[in-house]
Amino acid sequence: MRELTSPSAVREIIRAHGFKVRKALGQNFLLDANIIEKIVQAAELSREDLVFEIGPGLGTLTRRLARSAGQVIAVELDTNLLPILAETLADFPNTRVVHGDALQADFDKLAGEYAGGIFGQPGRGYKLVANLPYYITTPLLMHLLTGGFNLQCLVVMMQKEVADRLLAPPGGKDYGSLSVAVQYYTVPEVVARVPKTVFFPAPEVDSAVVRLTRRAVPPVQVTSEALFFKVVRAAFGQRRKTLLNSLTGSGLAARENWLQVLAAAGIDPARRGETLTMQEFAALANAFQQHLG
Ligand code: SAM
């Protein structure tokens, strides 16, 4: 079958199936074979790998993944794409399309249910490669990182401004709770910058491909992860206020308690939340646990 890396091939398959592109589902189909190659290279796939894809769309990236990986499980929300995928993936018996919402997916469970042979063994790590639906990039990343899944490496295309937030160091406007969460769980790096012109239809923003390599051990020690992330969110809650006011505004503890905790952690209450390093957030959360937990 013809590869789907040209506007004419994509238009043809869409027309043949009477498919209507749904912008509300973040449907921007990738047309560029070079970008697909960069994504696949970044995932360093071998026949030993089980790979999940979120949103296979027409199957363009899925076909390329199936050529390098051992097994591919692709989770697609739009039922109207299923007949197209049945056609475009027909030559790849190592692919499996699962209809569902990636935001609700339990990837370990799906691996157990749909991956054959060694790929479905409990506790076996896997990768995820996707051109994400941009309307849910942040909640999807949080689901993937905090869901406790056996995901070892993610290579994901997203809007450039979200990629900037993932990699942001403390102090700037891009640094926020998403930066801290991503950098706590993974080592993020941009592997490609991608212009809008390589999609059909073109999205409104430029994109970037990011590789997130799961850390074996977190970069800081916290007594409670849940509390650590609560404190991080509280510190970023009101960005134009001082750290003390932002923390107090969160309702987690009273002002005088926060003053005590900040003193114990050695952090100036007049600072802004966005200047704190991951180490300082950890110190703050651990002091909170010790004094108020
Ligand atoms: N992988 C294809 C490509 O690169 O050309 C399509 C990528 S497109 C940016 C995003 C895909 O995610 C679409 O196929 C869309 O239908 C699908 N999608 C949207 N929301 C989803 C969700 N909650 N769960 C799974 N797939 C979803």
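For the structure given in this document, a descriptive report is provided here. This is a predicted model, so every value here is computed, not measured.

**Regarding the pairing of strand β9 (residues 207–214)**
Across a regular strand the side chains alternate sides, sitting on one face of the sheet and then on the other. Of all eight residues in β9, six are buried, a share of seventy percent or more. Sheet topology note: the strand β6 (residues 151–159)/β9 ladder contains seven bridges and is antiparallel. Along β9, the bridge assignment pairs C153 with T213. In this structure, strand β7 (residues 186–194) lies alongside β9, joined through eight bridges in antiparallel fashion. From the neighbouring strand, E189 faces β9, where its bridge partner is R211.

**Considering the pairing of strand β3 (residues 71–76)**
Counted residue by residue, β3 has six buried out of six residues, so it is predominantly covered. Residues Q71, I73 and V75 line one face of β3 and the alternating positions V72, A74 and E76 line the opposite face, and both faces are buried. Sheet topology note: the strand β2 (residues 50–54)/β3 ladder contains five bridges and is parallel. Looking at β3, one finds that V51 is bridged to V72. Each parallel crossover has a hand, and for β2 linked through helix α3 (residues 60–68) to β3 it is right-handed. Bridge analysis of β3 against strand β4 (residues 95–99) gives five bridges, and the strand direction is parallel. Residue pairing in the sheet places I73 in a bridge with R96 of β4. Handedness of the crossover joining β3 and β4 through helix α4 (residues 82–88): right-handed.

Each value, and the rule that gives it
- Residues numbered from 1 in each chain as written.
- Predicted model: local features only at pLDDT ≥ 70, side-chain atom pairs only at ≥ 80, totals over all residues.
- Buried ≥ 20, exposed ≤ 12 C-beta atoms within 10 Å, placed from the backbone.
- Helix = DSSP H or I, 4+ residues; strand = E, 2+ residues; numbered from the N terminus.
- Pairing = 2+ DSSP bridges.
- Right-handed = clockwise from strand over helix to strand, strands pointing away.

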